[in-house]
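In case you want the letters, here they are:
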Amino acid sequence: MPTLTMIGAINAALSEEMSRDERVVLFGEDVAKRGGVFLATEGLQQKFGPDRVLDSPLSEAAIIGAAVGMAAHGLRPVAEVQFADYVFPGIDQLFSQAAKLRYRSGGQFTAPMVVRMPTGGGVKGGHHHSQSPEAHFAHTGGLKVVVVSTPYDTKGLLKSAIRDDDPVIFMEPKRLYRAVKEDVPGDDYLIPIGKAAVRREGRDITLVSYGGSMVETLKAAEEMAVAGINPEVIDLRSVMPWDKEAVLNSVAKTGRLLMISEAPHTASIASEVAATVSEELFDQLYAPAIRVTGFDIPYPYAQDKLYMPTVTRILNTAKRVLDY
Amino acid sequence: MPTLTMIGAINAALSEEMSRDERVVLFGEDVAKRGGVFLATEGLQQKFGPDRVLDSPLSEAAIIGAAVGMAAHGLRPVAEVQFADYVFPGIDQLFSQAAKLRYRSGGQFTAPMVVRMPTGGGVKGGHHHSQSPEAHFAHTGGLKVVVVSTPYDTKGLLKSAIRDDDPVIFMEPKRLYRAVKEDVPGDDYLIPIGKAAVRREGRDITLVSYGGSMVETLKAAEEMAVAGINPEVIDLRSVMPWDKEAVLNSVAKTGRLLMISEAPHTASIASEVAATVSEELFDQLYAPAIRVTGFDIPYPYAQDKLYMPTVTRILNTAKRVLDY
Amino acid sequence: MISEIKDKTEFQAFTPEPIRVLSDEGEWVAPFELDLDEATLKRFYAEMVAARMLDEKFIILIRTGKTSFIAPHAGHEAAHVAIANAVQKGHDWLFPYYRDGGLWLAMGTPPSEIFGQMLGNAADPAKGRQMPSHPGSKPLNIFTACSAIASHIPPAAGAAISMKLRNTGQVVVCSFGDGATSEGDWHAGVNFAAVQGAPAVFVCENNRYAISVELTHQTASHTVADKAHSYGIPGYRVDGMDVLASYYVLKDVVERARAVHGTALVELEVYRYGPHSSADDDSRYRPKAEVEAAKQRDPIIRLRKFLERQGWWNETAETELRAGIAHDLNTALEQAEAAGEAPAEWMFEDVLSSRPWHLEEQRRLVLEELR
Amino acid sequence: MISEIKDKTEFQAFTPEPIRVLSDEGEWVAPFELDLDEATLKRFYAEMVAARMLDEKFIILIRTGKTSFIAPHAGHEAAHVAIANAVQKGHDWLFPYYRDGGLWLAMGTPPSEIFGQMLGNAADPAKGRQMPSHPGSKPLNIFTACSAIASHIPPAAGAAISMKLRNTGQVVVCSFGDGATSEGDWHAGVNFAAVQGAPAVFVCENNRYAISVELTHQTASHTVADKAHSYGIPGYRVDGMDVLASYYVLKDVVERARAVHGTALVELEVYRYGPHSSADDDSRYRPKAEVEAAKQRDPIIRLRKFLERQGWWNETAETELRAGIAHDLNTALEQAEAAGEAPAEWMFEDVLSSRPWHLEEQRRLVLEELR
Ligand SMILES: Cc1ncc(C[n+]2csc(CCOP(=O)(O)OP(=O)(O)O)c2C)c(N)n1
Ligand SMILES: Cc1ncc(C[n+]2csc(CCOP(=O)(O)OP(=O)(O)O)c2C)c(N)n1
Ligand SMILES: [Mg+2]
Ligand SMILES: [Mg+2]
């Protein structure tokens, strides 16, 4: 079994899906000749030719919007937005066109497309190479939203996204691109969109996270384990739809929820999970559901690491939940 | 004291602020010659001349972005986006420029500007004349967000917004534009951004809402009162920052929260308020904090009224909270 | 395929004056010979009259409270009929906008479906999801219109790129107003199509107003056609109230797009006789005299004069034509009305390809409330 | 004021070839006489050398791990120096982008501030908030750069409209790359400025690449200058590695903008010698030979040859100049380094004009953690 980084897993998924289905095309800024600024699409233009892997002009509206038209016309486009922060010049195409096409046409036209984007902080990228905009997508009916955290999941989820009949936003925490290698089967496998993964079983507290913050969450969990606490760790993997069942089952068992995400605090996925758990497990919670999140400020360059939930911050907050 | 509709209050606030401060300029699609599609700016070009009230080209990016440049250069622009749904082609200007200018320049440049927009449903406007995008703004550090519900507040809050040193998104529920008239003082008064209003005092349950849904919330409160229940009703008025203190004080008293908003459910202002209250008043809640919201679907034309929280839906849900 | 292109070298890009074939009085003024037969010209005429009568019907729908919104298209009929006749129906793709009522009809959409959409009821193939005046039809490859101005331009570019990549022999024709050209997405979409050499024809129905905003406040470019320079594509300026000029230019450009994967911009100079929409009062921003002057260029009267000159039309034909259309429209409206309201359950369909738990919960909440 | 404009009618918009004043060999090729004195030309030269040496310093910062990102500007120096000398410093406003390192310096920004920004430390007047290579300075009216490509175009338009509405006699000069012209916001901003007749000069530093994407994949327009047609404004195509051509055209255009509230587009044809950024490897997408060929047009060597021809420059002057600049830059860097890290408390400043409860809570959380 090959061991791959997340970048390798993306490349493998794209390559396999392009071989399997000739309707799959890739495009975006720098994806073709250069193979992407992170080299996620390296070698694919050579392999599949310039009609299947295209460099687009520098316009996210053109990229996302063209994907809608291609998808409606029968292709299976995988568009790349170079950084999640740059989705905003194209977000009307996601919201007004991609998300609403099936609905507004009464199911006549659809937009089966994937928009890949490197997301999150921790790479000294400042305001515009660090943001985590998943809440915007999840708040907009008609989109699915995946945020990966492991190479194995990345391959299986990207393949599912490409085969999905809905527009899927596929978010790749850039600080994990080459952070770890893991065994990734060379053959075809799918991971369903909407299903969380239990990364660690436990009974004292449920830590729910996804994407880049899974790293600190798992580290914090290990430290807790050393201290004799037994946390359960859930990786949401999809944030729209998110796996309520998995989360509720776990919290019903532990009675405590700590929700961790590096996205800004207010009106976030973390808010949603915390509010839902608080509502549905009102009688089963031993402590308030608490969030450790990014802050409601532009992402700072100088305090790059401090913006995201640190292991210390997770542990401090977990202590509040556990001691409640 | 003149009695004014919300439209009248907007017009009065703009006119007074323009008289008071010659740096205040207005622009947007159809605001000048036509006086706005809802006539909010009627007569102002005649009064203040074509250099202070401008028709812009049809581009929200141009409108919002130009406001940033004008504000940085020393004007106090009040830009209009014709419908909140159309903020998305210009949202990168809000997020990348307006929201981050003060921060990224280390406080050297600022963007004291107001972006007015008619928001919300109930006018048979379908997907693109009905949305309530406030969560997107509140999730983005560097912006303030006001959603008005009465003519009196509208005048006082719009004046505060114009005088504010930060970019303020000023959201006007279009179904309330001419719904009621009320006494609005002809002289200068301000309502602070960030302060909620208690619309009805009570002790059995706290109903928190804002904007258009205040109508149904207050109606539901009346029906509850008839049935012998005594609800407290809070109008947030600002959703960023929102008045946590006012909400917590009320729920600490009633022990029950029903949060009502017509914006989509997931990762919303309602999620934020429910999550925060659940966290901070864990021991004082008699029942789970529950949300009645819009749905996670494109806004439908045919079921225009059904999309928004109806009085029935509010009452049904309140019953669940009260009977818990 | 290239050999099939009829090369009307008379049609130059970037002409200082709009290209015309018929004068306001219906005289032939083109430097080439008529090569369309009587039947075709009569069809153009009938389609324009039907478009106008559809518009009149829309106005009645509003007056009688049967619909909540219309975007009057009287004055745009020549543009609509020219586009419909320049494409291969059901093969090429259209990306229209809300003011394309006449195009929707001329493409062959059953009028009962049009009325269904206007009523937002169960007769609407789009299930009452959008405001009235938002054309769309999968069988006819009419990409369902979206209210957000110019947001359909990048998707139109994408469909055309798909046609080129897969060499399907199809063409995209995408229409929009003059105001739309100011949006960033308009620029982004046209640029992407052009740089890919995608078979897309972008058609501006330039009525010189975006609601109340005059073209001179919209852009300082001399013509809309001039904007084509920005993308290295030809830009044609055409009298859009001259159905023959519009048709000839569009046909030529569409076939060239098909043959050589060429992108083009066509500006059709039209005028909207009515207000912007049923929510508008155009007397606030434009003088009545201007409207009356524009009507002197009326596309229907102009073609009728030409037909009469040819001896191909008379009052009897006119009466018959109008009676036939009136009957068809009335029947279709009755049929649509009979379908009844869009069921509430439709509200939660077609959001995604299947219904996740959260939509299932939200749906149940509404259905319980209705029970 | 209009009478003050020196009317160099030699400078035509939309020329088929780029406007040049000096040949690659430093010969005068313009159809008008030199009217700049020795001191001015020497200043242009010194500023270009300083710009180049700043770029070299940036490369050292990256190599030594002192900064995390640079956007090399070697090859763009003539553009930067021309812009800085065409404006009234501290009166006019600049809206630069990340590749304007040389402009930042030529405008008179203290090099210690530049290095402070590059280090993101306490010496940065912008408090370490952004990635390196993001110029800005309130005292110099340099609108702080934003990474989001073309997002500064609408604000630049807005500032220019403000200047016109209030008749301040100021001009906006806004610079960006060739890739930026594809963004919707570019179009929206230029269009708004042009239709308002705002005193804005939009300057494209066209280095023919947007990271790896060649201009031919960016747009099919013949030149960037041609895009001006879309807005009814003049578009000038200039050899941007010819500092005199760039200066003369910009000066002319800036003064015209000031006098008649005119908007214009100026395309400066440059080349970037280095990779796109410290994160790039340009050998993946462009041949070394192309880079070497571009260097034959080097703006610094070219002006030096001209100066030498005039008898105004020699090796001694060169050595002195470089030693002086090196000393200044080194001193400035030391000074900046000495300032130390940006304090963590800065993280929660300047988000809003005051700190609401939620930011106060978030700030406390971080400060507690650090304690
Ligand atoms: C993105 C967006 N902004 C604003 C509007 C509101 N609006 C609807 S139609 C219109 C004017 C459009 O004018 P034009 O493109 O010339 O088309 P016309 O109606 O004249 O045919 C405006 C501003 C919108 N629908 N979409
Ligand atoms: C909106 C946006 N999309 C994508 C990027 C990523 N990006 C950074 S620089 C760049 C290329 C810019 O090229 P150009 O405008 O020609 O300027 P140059 O770097 O060549 O000077 C891209 C795609 C960005 N910064 N902003
Ligand atoms: Mg128009
Ligand atoms: Mg470039």
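Keep in mind that this is a model prediction, so the values were computed, not measured.

(A) Just the overall build of chain C, in detail. Each helix and strand counted, chain C has twelve helices and seven strands in total. Radius of gyration (C-alpha) of chain C: 21 Å, near the 21 Å computed for a compact globule of 371 residues. Dimensions of chain C, computed from C-alpha atoms along their principal axes, come out at roughly 70 × 50 × 40 Å. Among the 371 residues that make up chain C, the fraction classed as buried is 65%.

(B) Spatial organisation of the interface of chain C and chain A. With 45 residues of chain C at the contact, the number on the chain A side is 45 residues. Considering only the surface of chain C that becomes buried against chain A, Leu165(C), Phe192(C) and Trp357(C) emerge as the three largest contributors, covering 18% of it. At the junction of chain C with chain A, the criterion picks out one salt bridge. We note a salt bridge from Lys244(A) to Glu361(C), for which the minimum N-O separation is 2.3 Å. Looking at the side of chain C that touches chain A, the elements that each hand over two or more residues are α5 (153–165), α6 (184–196) and α12 (357–370) of chain C. Classifying every residue of the side of chain C that touches chain A by side-chain character gives 24 nonpolar, 13 polar and eight charged.

(C) Region of the structure containing the coordination of the magnesium ion (ligand 4). All names here are of chain D. Coordination of the magnesium ion (ligand 4) by the protein is provided by Asp178 (OD), Asn207 (OD1) and Tyr209 (O), with metal-donor distances spanning 2.0 to 2.1 Å. Within one chain, the residues serving as donors to the magnesium ion (ligand 4) are arranged as D-x28-N-x1-Y. Of this pair, Asp178 sits in the loop between β2 (172–177) and α6 (184–196) while Asn207 sits in the loop between β3 (200–206) and β4 (209–210), and the two are 29 residues apart along the sequence. Taking relative accessible area as the criterion, Asp178 reaches 1% and is therefore assigned buried.

(D) Inspection of the packing of helix α1 (residues 6–20) of chain A against helix α7 (residues 151–163) of chain A at higher detail. All names here are of chain A. Put simply, α1 and α7 touch, their axes get as near as 8 Å, and they point 30 degrees apart. Compared by their axis directions, α1 and α7 come out roughly parallel. Regarding α1 and α7, the two cross each other, and that crossing is right-handed. On α7, the residues touching Met6, Ala9, Ile10, Ala12, Ala13, Leu14, Glu16, Glu17 and Arg20 of α1 are Pro151, Thr154, Lys155, Leu158, Lys159, Ile162 and Arg163. When the residues that make up the contact of α1 with α7 are grouped by side-chain class, the tally is nine nonpolar, one polar and six charged.

(E) Representation of the sheet that holds strand β3 (residues 200–206) of chain C within the structure. All names here are of chain C. What the five strands build is an open sheet, ordered β1-β2-β3-β7-β6; its pairing is parallel. Because the sheet does not close on itself, it has two edges, and the strands there are β1 (93–95) and β6 (235–239). In this sheet, neighbouring strand axes are inclined to one another by 20 degrees on average, regardless of whether the strands run parallel or antiparallel. In the sheet, strand β2 (residues 172–177) pairs with β3 via six bridges, with the strands oriented parallel. Each residue of the ladder has a partner; that of Gly177, found in β3, is Glu205.

(F) Layout of the nonpolar core. Of all hydrophobic cores here, the largest spans 196 residues; its most connected members are Leu94(A), Phe137(A), Leu94(B) and Phe137(B). Setting aside anything within four residues of it in sequence, one finds Phe137(B) in contact with Val87(B), Ile91(B), Leu94(B), Phe95(B), Met117(B), Leu143(B), Val145(B), Ile169(B) and Met171(B). One finds Phe44(C), Leu94(C), Val254(C) and Val291(C) within the second-largest nonpolar core, a separate group that totals 78 residues.

(G) Fine view of the site of ligand 1. Taken together, 21 residues sit near ligand 1, with Glu60(B), Tyr97(C), Tyr98(C), Arg99(C) and Tyr209(C) positioned nearest. Lying at an intersection of chains, ligand 1 is approached by residues of chains B and C. Within the side chain of Asp178(C), an N or O atom sits 2.8 Å from an oxygen atom of ligand 1. Between an oxygen atom of ligand 1 and a side-chain N or O atom of His276(C), the distance comes to 3.4 Å. Isolated, ligand 1 exposes 590 Å² of accessible area, and the fraction of that covered by the protein chains is 97%. When grouped by side-chain class, the residues that make up the shell around ligand 1 number ten nonpolar, six polar and five charged.

(H) Molecular detail of the domain arrangement of chain A. Residues and elements named next belong to chain A. Segmenting chain A into domains produces domain 1 (3–183) and domain 2 (197–323). For domain 1 and domain 2, the distance between their C-alpha centroids amounts to 26 Å. In this assembly, 26 residues from domain 1 lie in contact with 29 residues from domain 2. The junction of domain 1 with domain 2 conceals about 2000 Å² of combined surface from both sides, 56% of it contributed by carbon and sulfur atoms. When the buried surface of domain 1 facing domain 2 is broken down by residue, Lys124, Val147 and Arg175 rank first, second and third, together holding 27% of it. Viewed at the interface, domain 2 and domain 1 are joined by four salt bridges. Ionic pairing is found between Glu262 and Arg175, a salt bridge with its closest N-O pair at 3.4 Å. Taken together, the connections running from domain 1 to domain 2 amount to 16 residue pairs in polar contact (both at pLDDT 80 or more). Elements that contribute at least two residues to the side of domain 1 that touches domain 2 include exactly α6 (134–138), β6 (144–147) and α7. Of all the elements, β6 adds the most residues to the side of domain 1 that touches domain 2, at four residues.

(I) Structural view of unusual backbone geometry. Look at the link from Met240(A) to Pro241(A): it is a cis peptide, with omega at -10 degrees. Among the secondary structure elements, Pro241(A) is positioned in the loop between β12 (238–240) and α9 (244–254). Unlike most non-glycine residues, His261(C) shows phi in positive territory, near 50 degrees. Take His261(C): it is sitting in the loop between α8 (243–260) and β7 (264–269).

(J) Layout of the side chain of Asp280(D). When you line up the elements, Asp280(D) lands in the loop between β7 (264–269) and α9 (288–295). Owing to a relative accessible area of 12%, Asp280(D) belongs among the buried residues under this scheme. Among all residues touching Asp280(D), those that are not within four sequence positions of it are Arg34(A), Ile211(D), Arg272(D), Pro275(D) and Tyr285(D).

(K) Representation of the sheet that holds β12(A) in the model. Residue and element names in this part refer to chain A. Judged by pairing direction, the sheet is mixed, and its seven strands sit side by side in the order β3-β2-β4-β5-β7-β6-β12 without closing on themselves. With partners counted over all chains shown, the strands left at the sheet margins are β3 (53–55) and β12, one partner each. Going across the sheet, the axis of each strand differs from the next one's by a mean of 20 degrees, ignoring polarity. Of the strand pairs in this sheet, β6 and strand β7 (residues 168–173) are connected by four bridges, and their pairing is parallel. Following the sheet pairing, Val147 is matched in β7 by Met171.

(L) Main features of the coordination of the magnesium ion (ligand 3). All names here are of chain C. At the metal site, the magnesium ion (ligand 3) is ligated by Asp178 (OD), Asn207 (OD1) and Tyr209 (O), and these contacts range over 2.0 to 2.1 Å. Each donor residue of the magnesium ion (ligand 3) lies on the same chain, and together they follow the pattern D-x28-N-x1-Y. The exposure class of Asn207 is buried, given its relative accessible area of 3%.

(M) Up close: the site of ligand 2. Around ligand 2 sit 21 residues, and of these Glu60(A), Tyr97(D), Tyr98(D), Arg99(D) and Tyr209(D) come closest. Residues near ligand 2 are shared among chains A and D, making this a multi-chain site. Side-chain polar atom of Asp178(D) to an oxygen atom of ligand 2: 2.8 Å apart, as the coordinates give it. Note that an oxygen atom of ligand 2 is positioned 3.0 Å from one of the backbone N or O atoms of Ala180(D). Alone, ligand 2 offers 580 Å² of accessible surface; in the complex the protein occludes 97% of this. Looking at side-chain class alone, the shell around ligand 2 contains ten nonpolar, six polar and five charged residues.

(N) Examining helix α12 (residues 311–323) of chain B more closely. Over its 13 residues, α12(B) extends 18 Å from the first C-alpha to the last, a length consistent with the 18 Å expected when each residue adds 1.5 Å. For α12(B), the full list of buried residues reads Val311(B), Arg313(B), Ile314(B), Thr317(B), Ala318(B) and Val321(B). Looking down the long axis of α12(B), one finds its buried residues gathered within 160 degrees of arc, a one-sided arrangement. In α12(B), the exposed positions angled more than 90 degrees off the buried face are occupied by Lys319(B) and Asp323(B). Looking at the buried residues of α12(B), the elements they touch are β10 (205–209), α8 (214–226), β13 (257–260), β14 (290–292) and α11 (304–307) of chain B together with α12 of chain C.

Rules of the game
- Residues numbered from 1 in each chain as written.
- Chains lettered and ligands numbered in written order.
- Predicted model: local features only at pLDDT ≥ 70, side-chain atom pairs only at ≥ 80, totals over all residues.
- Heavy atoms only, no water.
- Helix = DSSP H or I, 4+ residues; strand = E, 2+ residues; numbered from the N terminus.
- Rg over C-alpha atoms; globule rule 2.2 N^0.38 Å.
- Buried < 20%, exposed > 50% of the residue type's maximum accessible area, 1.4 Å probe, protein only.
- Contact = heavy atoms within 4.5 Å.
- Buried area = accessible area lost by both parts, 1.4 Å probe.
- Salt bridge = Lys/Arg side-chain N within 4 Å of Asp/Glu carboxyl O.
- Nonpolar A, V, L, I, M, F, W, Y, C, P; charged D, E, K, R; others polar.
- Donors = N, O, S within 2.8 Å, 3.2 Å for Na, K, Ca; no water.
- Axes fitted to C-alpha atoms, helices over the stretch in contact; angles between N-to-C directions.
- Parallel < 35°, antiparallel > 145°, perpendicular 65-115°, else oblique.
- Left-handed = near helix turned anticlockwise from the far one by under 90°.
- Pairing = 2+ DSSP bridges.
- Core = buried A, V, L, I, M, F, W, Y, C linked by side-chain atoms within 4.5 Å.
- Near = heavy atom within 4 Å.
- Polar contact = N/O pair within 3.5 Å; in protein donor to acceptor, adjacent residues only side chain to side chain.
- Areas by Shrake-Rupley, 256 points an atom, 1.4 Å probe, with all protein chains shown as cover.
- Domains from an automatic or database assignment.
- Expected span 1.5 Å × (residues − 1).
- Arc of directions from axis to C-beta.

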